[in-house]
Amino acid sequence: MARTSMPAGFLPEQTGADHHFRPPPRRSCHVTPVIDGTATAVAIEEAILGAADSIHLAYWHLEPALPVQSRAARAVGFTQFGELLLEAAAAGVDVRVFLTDVEPLGDPVRHLQSWAAYRRLVVAADARASGDPGFDRDKFQVVCALPSSEFTPDSLQGLTTSSPEVMRRVQDRQLKQVIKALNAMAKTDRVGAVAQFSNSPGLWADIEFTAAVADPFVSRGSLPRAMCPASHHVKLAIIDGLKAVVGGSNLNGRILDGEEHEVPDPRGLTHDVNCMLEGDIVGDFSRFFQGIWNLYYGVSVSYIAGRNPLAPPFGELPLGPANQVVVAPMPKSRPHTSVVQLVRTFAGLLDDPPAGSGLPPLPDVLRGDIEESYEAAILSAKRYIYIENQYFRSAKVGDWLKKALAASPALRVIVVLPERPEEDLSDPFTHRGRVIRAELIADLTATKRAGFFTMRTKTPTIPSLPDTPPIYVHSKIMLVDDVFATIGTANLNSRGFAVDTEVNIAWSHPRQIRKLRLELWAHQLNLAPGNIAPWKPVEYLSKWQILARSNAALPPTPSRGFAVPLVEPAASALGPNPLLDSTPAPLHPTIDALEPLFEVYSGTTGEPPAPGIRTRPKPRAAVT
């Protein structure tokens, strides 16, 4: 690519510390897109098996017991992902695992999962070291940490003069739901309830456990307290500083789905996109990992030390080694032909607004590259924009798309979203996010040049579900005019642009991006790439609409591909918001003033449950 032809979406370099810098576009890179989770697991496992120096992982959700997927790992006797990591450390490879903690009053399930993974990995490494004198315990390090942003009891002072009381009542609502669930579980499985509580250190200061009573979990009366609204929403594996895998897939059970989407477990029906990176860009991802590790490993150690005195009986968390990481300089790689730039979202402390300002607490956005990159790329589009995303809740994205459509009459927009993006509407932040999505879809559909689609299976693989179960769209990608693509972890909501830690690539290689488009559309529409290639850009949307409507009308077996039209309910059909519109509202007269808070934090980062698994609303606050 000529140096004068850099497409919009790439950003100028900015120097700074590891968590402030923005690297320049790198011109000698190679990108291998990986569609769906099983293929991604195989790529990561094979890279780990070949690791000689370092394995650096940063994941929003990592399950050490995840079954291995590659033939290579099975051939040497591995059954679980965590075993791969321990064996690599035993061979002298520096293994570091950065796990995301989340606010337990916002998402107690994910908080528990993170610390259960931490405990399992550290205990396994300690056991290996005790039985193997040659095992260097420092070679296997695990940390788990929240971002540094916090709501304090006074954080809502810009919206209400009753900030501490409103914060207490919101938190109390969440805490009561958690305690109720723990006590309900304790009635039939007390051991299991205590085990869950033991892996929930963020609740130890809020909940007291007393073994001798029928309802053993009670509030300590600790509210209001500070709480974290953000998460490290990263999914990144770096091997030897030479290869990196980044994208939408966590290393959990939902990854176990292939391109045919025929897994007999509904939690596995997931579509995702990741990419394997090689070349100069990997050095930038290594520096990013170095930055978050060195910023937070001490936070993790201090958190555990401070929480353990409050632990339930036999519930103390193990404290493994954790020290600074220094990545080696990127070795000179063989020439590659893609231009790639690391773009990210990274926020610092929350800025509490002045009292009475009408503003919610806002993150100090140290890096807002992903939002800038999306804006520039969308506004530059002339022929087509193709988006796959888990969430579509950014009014900014809606405005950019409408401006681009107005500026270019030939432009067509195709958006693929999950049919059911969230677990329930009983949470006020989830509800607000669904309303935003419904309004955006209605506005853009009215232009007649934007279409919205979702995915359903081609075969009735799950007898208990309807004939065509939905496939959960979890990818976070955008292609523009075959000259620009972004792939990564950021959802299209305010969290992905300003609140959570996120990493994407900006990528340009026209031939390779066109190839990815044809592969994705062939996957979605069940057409050979050669049959799609002759389409003219002005025909893209109408072709999709025809094939999607055909898929929806046919029985599942003969349907052509997974794409079907997205039938989005009107915003008015979603019912009242559980807090903002309830009568009487639990927090009136102050709750109406909190609506700006919902606009910033309404896009959650969770995943839908399997049908029938969760029997109660999932507790959430402005934190997931």
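Residues numbered from 1 in each chain as written. Predicted model: local features only at pLDDT ≥ 70, side-chain atom pairs only at ≥ 80, totals over all residues. Heavy atoms only, no water.

Digging into the overall build of the protein
Our working definition: The helix count covers DSSP runs of H or I at least four residues long, the strand count covers runs of E at least two residues long, and both are numbered beginning at the N terminus. We call two residues in contact whenever any of their non-hydrogen atoms come within 4.5 Å of each other. Residue-level accessible areas treat just the shown protein chains as cover; the underlying method is Shrake-Rupley with a 1.4 Å probe.
Scanning the protein from terminus to terminus reveals 15 helices and 20 strands. Long-range contacts, defined as pairs at least 24 residues apart, comprise 78% of the intrachain contacts of the protein with a sequence gap of at least 6. When the accessible surface of the protein is split by element, carbon and sulfur atoms take 56% of a total near 22700 Å².

Observations concerning the packing of helix H5 (residues 163–188) against helix H6 (residues 190–198)
Filter applied, for reference: The axes used here are C-alpha line fits, helices contributing only the stretch in contact, and every angle between their N-to-C directions lies in the interval 0 to 180 degrees. Residues are sorted three ways: Asp, Glu, Lys and Arg are charged, Ala, Val, Leu, Ile, Met, Phe, Trp, Tyr, Cys and Pro are nonpolar, and all the rest, Gly among them, are polar.
Where H5 meets H6, the axes come as close as 6 Å, and the angle between the chain directions of the two elements is 145°. For the pair formed by H5 and H6, the contact residues are Leu182, Met185, Ala186 and Thr188 on the first element and Arg190, Gly192, Ala193, Gln196 and Phe197 on the second. Tallied by class, residues from the contact of H5 with H6 come to five nonpolar, three polar and one charged.

A few points about the packing of aromatic side chains
Note on aromatic pairs: each is described by the distance of the centres and the angle between the planes. Definition in use: Under the pairing criterion, centres of Phe, Tyr and Trp rings, with the six-membered ring standing for Trp, must be within 6.5 Å; the plane angle then separates stacked pairs below 30 degrees from edge-to-face pairs above 60, leaving the rest tilted. Residue burial is assigned from relative accessible area. The probe radius is 1.4 Å, only protein chains are included, and a residue is buried under 20% of its type maximum, exposed over 50%, and partly exposed in between. The rule for a charge over a ring is simple: NZ of Lys or CZ of Arg within 6 Å of the ring centre, and within 35 degrees of the ring normal.
Following the criterion strictly, the structure yields 18 aromatic pairs and no others. Ring centres of Phe209 and Phe217 lie 5.2 Å apart, and the angle between their planes is 50°; this geometry places the pair in the tilted category. Ring plane angle 45° and centroid distance 5.8 Å describe the contact between Tyr386 and Trp544, whose orientation is recorded as tilted. Separated by 158 residues along the polypeptide, Tyr386 in strand E13 (residues 384–389) and Trp544 in helix H14 (residues 540–553) bring together distant segments of the chain. On the basis of relative accessibility, which here comes to 0%, the residue Tyr386 falls in the buried class. Among the aromatic residues, those joined into a ring-pair cluster are Tyr384, Tyr386, Phe453, Trp521, Trp535, Tyr540 and Trp544. One residue, Arg517, lies across the ring of Tyr384, its end atom 5.5 Å from the ring centre.

So, the side chain of Ser249
For the record, the criterion: In protein, a polar contact means a hydrogen-donor-capable atom and an acceptor-capable atom, both N or O and within 3.5 Å, with residues adjacent in sequence counting only if both atoms are side-chain atoms; elsewhere, any N or O pair within 3.5 Å suffices.
Counting through the fold element by element, Ser249 comes out in the loop between strand E8 (243–247) and strand E9 (270–271). Exposure remark for Ser249: the relative accessible area of 5% places this residue in the buried category. One polar contact links Ser249 to Asp272, side chain to side chain, over a distance of 3.3 Å. Side chain to side chain, Ser249 and Asn274 meet in a polar contact 2.9 Å long. Not counting chain neighbours up to four residues away, the residues in contact with Ser249 comprise Gly37, Thr40, Tyr59, Lys235, Ile255, Asp272 and Asn274.

Describing the pairing of strand E4 (residues 140–145)
So the rule is basically this: Should DSSP find at least two bridges between two strands, the strands are regarded as paired. A clockwise path from the first strand over the helix to the second, with the strands pointing away from the viewer, defines a right-handed crossover.
Burial analysis of E4 places six of its six residues in the buried class, which makes it a mostly covered element. Every second residue of E4 is oriented toward a common face, with Phe140, Val142 and Cys144 on one face and Gln141, Val143 and Ala145 on the other, all of them buried. With six bridges connecting them, strand E3 (residues 94–100) and E4 associate as parallel partners. Within E4, the position partnered with Arg96 by the bridge is Gln141. At this point the chain moves from E3, through helix H4 (residues 108–131), to the parallel E4, and the crossover so formed is right-handed.

What to know about the confidence of the model for the protein
For clarity, the cut-off: How sure the predictor is of each residue is captured by pLDDT, a score from 0 to 100.
Mean pLDDT over the protein stands at 88; residues scoring 70 or higher make up 88%. Every residue in residues 583–591 is under pLDDT 50, and counting partners more than four places away or in other chains gives 15 contacts. Here residues 608–624 scores under 50 on pLDDT; set against residues more than four positions off or in separate chains, the count is 60 contacts.

Some thoughts on the environment of Ala226
Relative to the elements of secondary structure, Ala226 occurs in the loop between strand E6 (217–219) and strand E7 (235–239). Classification of Ala226 as partly exposed rests on a relative accessible area of 28%. Distance from Ala226 to Ser155, taken between C-alpha atoms, is 9.1 Å for residues 71 residues apart in sequence.

What to know about the nonpolar core
Our working definition: Buried Ala, Val, Leu, Ile, Met, Phe, Trp, Tyr and Cys residues form a nonpolar core when they are joined through side-chain atoms within 4.5 Å.
Counting 75 residues, the largest nonpolar core has Ile55, Phe81 and Phe140 as its most contacted members. If you tally residues by element for this core, the top one is H5, at eight residues. Setting aside its immediate chain neighbours within four residues, Phe81 contacts Ile44, Glu45, Ile48, Leu57, Leu62, Glu63, Pro64, Leu66, Val68 and Leu251. Counting residues in hydrophobic clusters, the runner-up holds 60 residues, among them Val31, Ile477, Ile505 and Trp521.

Re unusual backbone geometry
When glycine is set aside, most residues are seen to have a negative phi, and most peptide bonds are trans. Between Leu223 and Pro224 the backbone carries a cis peptide bond, its omega angle lying at 0°. When you line up the elements, Pro224 lands in the loop between E6 and E7. Positioned with a positive phi, Asp36 is a non-glycine residue whose angle comes to about 75°. Here Asp36 is to be found in the loop between strand E1 (26–35) and helix H1 (37–49). For Asp36, a relative accessible area of 0% corresponds to the buried category. Although it is not a glycine, Lys448 sits at a positive phi angle of roughly 70°. One can find Lys448 in the loop between helix H10 (428–445) and strand E15 (450–456).

A short note on the pairing of strand E19 (residues 502–508)
With respect to burial, E19 is a largely interior element, seven of its seven residues being buried. The side-chain alternation of E19 yields two buried faces, one formed by Glu502, Asn504, Ala506 and Ser508 and the other by Val503, Ile505 and Trp507. Here strand E11 (residues 338–351) pairs with E19 via seven bridges, running antiparallel. Across the sheet, Val339 pairs through a bridge with Ser508, a residue of E19. Across four bridges, the pairing between strand E18 (residues 484–488) and E19 is antiparallel. Bridge pairing links Ala485 to Trp507 in E19.

Focus on the pattern of salt bridges
Put simply, the test is: Take a side-chain nitrogen of Lys or Arg and a carboxyl oxygen of Asp or Glu: if they are within 4 Å of each other, that pair is a salt bridge.
Per the stated rule, a full pass over the model turns up 22 salt bridges. Residue Arg137 is joined to Asp126 by a salt bridge in which the shortest nitrogen-to-oxygen separation is 2.7 Å. Of the two residues, Arg137 sits in the loop between H4 and E4 while Asp126 sits in helix H4, which places them 11 residues apart along the sequence. Under the relative-accessibility criterion, Arg137 is labelled buried at 14%. Close ionic contact of Glu371 with Lys396 constitutes a salt bridge, the shortest N to O distance being 2.7 Å. Note that Glu371 is positioned in helix H8 (residues 369–380) and Lys396 in helix H9 (residues 395–407), a separation of 25 residues in sequence. Relative accessible area serves as the criterion here: at 17%, Glu371 is assigned to the buried category. Residue Lys396 is classed as partly exposed on the basis of its relative accessible area, which comes to 43%. The network of salt bridges with shared partners includes Arg22, Arg367, Asp369 and Glu372.

A few points about helix H7 (residues 281–307)
Let me state the cut-off plainly: An expected span of 1.5 Å times one less than the residue number is assigned to each helix. The bend at a residue is defined as the angle formed between two axes, one fitted to the seven residues ending at that residue and one fitted to the seven starting there.
With 27 residues, H7 should reach 39 Å at 1.5 Å per residue; the first-to-last C-alpha distance of 39 Å fits that figure. At Tyr296, H7 is bent by approximately 35°, the largest bend along its length.

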